[in-house]
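In case you want the letters, here they are:
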Amino acid sequence: MPFARRGQIVVRDTEQPGFAVRIGASTKTFIIQADLRRDDGTRSTIKMKVCEVGELNTRAARAKARGLLLLIAAGEDPRPKKKVEILAAAKAAEKAEDEAARAAPLGVPTLREAWSRFRVSHLERKQRSPATIRGYTDHMERLFADWLDRPLSELGDEPRLLADRHDLISANNGPAIANGAMRTFRAVYNHARKTCRALPPENPAAAVDWNPEKRKDTAMGVIDLPGWFEQLARITNPIRREFHLMTLLSGSRPEVLKNVRVTDLDLKHRIMHLSKPKGGEMKAFDVPLSRAMMESIFRLRRIAPIIYPESGRVWLFPSDAPCGHMTEHKEDRSVLSHWGNDLRQTYRTLAQAAEVSEVDMHLLMNHALPGVNSGYITRSKLMRDHLRAQQERLSVFFLGTVMGRGRVHSDELSRWLNSTSRTLLEDLMAEAPDAVRLRAGPRAALRKLEVQAARMTLHALPSVLIDAPSRRNRAGRNLLAERRRAES
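What counts and how
Residues numbered from 1 in each chain as written. Predicted model: local features only at pLDDT ≥ 70, side-chain atom pairs only at ≥ 80, totals over all residues. Heavy atoms only, no water. Pairing = 2+ DSSP bridges. Helix = DSSP H or I, 4+ residues; strand = E, 2+ residues; numbered from the N terminus. Salt bridge = Lys/Arg side-chain N within 4 Å of Asp/Glu carboxyl O. Buried < 20%, exposed > 50% of the residue type's maximum accessible area, 1.4 Å probe, protein only. Expected span 1.5 Å × (residues − 1). 1 Å grid on protein atoms, 1.4 Å probe; cavity = no way out; pocket = protein on both sides within 12 Å on 5 of 7 lines; lining within 4 Å. Points joined across faces, edges and corners; volume = space filled by probe spheres on them. Nonpolar A, V, L, I, M, F, W, Y, C, P; charged D, E, K, R; others polar. Phe/Tyr/Trp six-rings, centres within 6.5 Å; stacked < 30°, edge-to-face > 60°. Lys NZ or Arg CZ within 6 Å of the ring centre and 35° of its normal.

Draft legend 1. Spotlight on the sheet that holds strand β7 (residues 285-288). Within the open sheet, the three strands sit side by side as β5-β6-β7. Their pairing is antiparallel. Unpaired on one side and paired on the other, β5 (265-266) and β7 mark the two borders of the sheet. Across four bridges, strand β6 (residues 271-274) lies against β7 in antiparallel orientation. Bridging from a neighbouring strand, Met272 pairs with Val287 of β7.

Structural data, given as structure tokens:
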């Protein structure tokens, strides 16, 4: 169609009533026109633009126009809201919020205010761990996001709201998360009740029918350890392999063990300091190191700075993550059947078989001691003798299941646990990157390529690190002693 020489021309569609094209001197526009009938009986004519000709073809423009016409036929105005109407709606919403605030009892906080106070005074001030704070934050700001601006008294007066929310979370997120969210709400409400007596004295969480929770039963027995050690020996990444071994030998929580720095190690007194355990820095404690744990640390301190030249000097379990240390410890169950807290449960289970006392296990695992009498025990005074002996007893018990006299074990396992750290380093650096790439994929190949490149800077490392002898090599120890005497 040609442009109009004068004024505008409207050409109506023969297929879709109400659809037309408006042609001017320099533009062509698809439009619609229809009558809007309101509920009060009034009627008005709506003319509006669909799109410019060329933005959509005729068929697509006709389909869009059909949708707009259906809205008008249903009594809805499809035109964009005018600025005046938008401002009026915002003012009405603000007025409603003010009325709701005035309706609430004086001094009663909203759930958002109660949560903010709880976070600052109960979590941050008491130096709870970042993982604990993240868990509370997820519950309050995700699962109760639509309640944050409601007065807490409103939720306290209607406990049915909390019971219904518990059912909803159970269906959508799982029973364990639902119970955790309710415990978080209960703690926030009790904290707010201390400073606001206008709140109902009974916590609305009392109306919740709690989901049954079953403690995980994933520990290994003595009969399971040989197969697990064989799997562990086949893990190609030496850092991850030692991490899982240290998790078993120490019984530590994996999230805590990942954050161990080199400066947290006191090898002279055979102690490892865990500075960020569950409960925050105020719960920091020391772990006595057995001979097997020391040998694992020696292997780590030789290999880690070679694979990770920067982070390997800072973290006991370095990685290429932005934080510098391991962040993900999970393995494919077909590769390693047990990891993480499975090993912590194994540590506690097999300690019973090794006949380590209940009190000693509480001290080794940093659990609270039951009873008044046990509260008189000073843990630090038992660290370097009694607790270390118990730790040694456990390590010997674990490794004895696979490396004891007469045991059958694979070459990989025997070479890993019996060889020196220098041998492991030589094996790691001797592998061809192309062979590793074919076997382990691009990520492992990248790690090996970095090892090959690190050969060039090997001489820059401290001699005590490069030449540290094995505990089994008496000649090596004598050589190191002579070198130190010569240097002094």
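From this point, the narrative continues.
Draft legend 2. View of the pattern of salt bridges. Inspection of every chain in the model, using the stated rule, returns 17 salt bridges. For Lys49, the salt bridge goes to Glu52, with nearest N and O atoms at 3.0 Å. Under the relative-accessibility criterion, Lys49 is labelled partly exposed at 43%. For Glu52, a relative accessible area of 23% translates into the label partly exposed.

Draft legend 3. Fine view of helix α11 (residues 291-307). The end-to-end C-alpha separation of α11 is 24 Å, in line with the 24 Å expected for 17 residues at 1.5 Å each. The buried fraction of α11 amounts to 15 of the 17 residues, a majority that puts the element mostly inside the structure.

Draft legend 4. Spotlight on empty space enclosed by the protein. Throughout the structure, instances matching the rule amount to two cavities of 30 Å³ or more. Of the volumes computed, that of the second largest cavity is approximately 70 Å³. Around the second largest cavity sit Ser250, Gly251, Ser252, Arg253, Val256, Leu274, Pro277, Phe285, Val287, Arg344, Leu364 and Met365, which together line it. Of the residues contributing to the lining of the second largest cavity, the split by class is seven nonpolar, three polar and two charged.

Draft legend 5. Here's a closer look at unusual backbone geometry. For Arg270, which is not glycine, the phi torsion reads 55° and is therefore positive. Take Arg270: it is sitting in the loop between β5 and β6. One non-glycine residue with positive phi stands out, namely Glu355, at about 65°. The topology assignment puts Glu355 in the loop between α12 (341-353) and α13 (358-364).

Draft legend 6. Structural context of the packing of aromatic side chains. If you walk through the whole model with that rule in mind, you get 10 aromatic pairs. Among the aromatic residues, ring-to-ring pairing joins Phe144, Trp147, Phe185 and Tyr189 into one connected group. Directly above the ring of Phe3 sits Lys28, whose terminal nitrogen or CZ lies 4.9 Å from the centroid. The ring of Trp147 carries Arg165 above its face, with NZ or CZ at 4.3 Å from the centroid.

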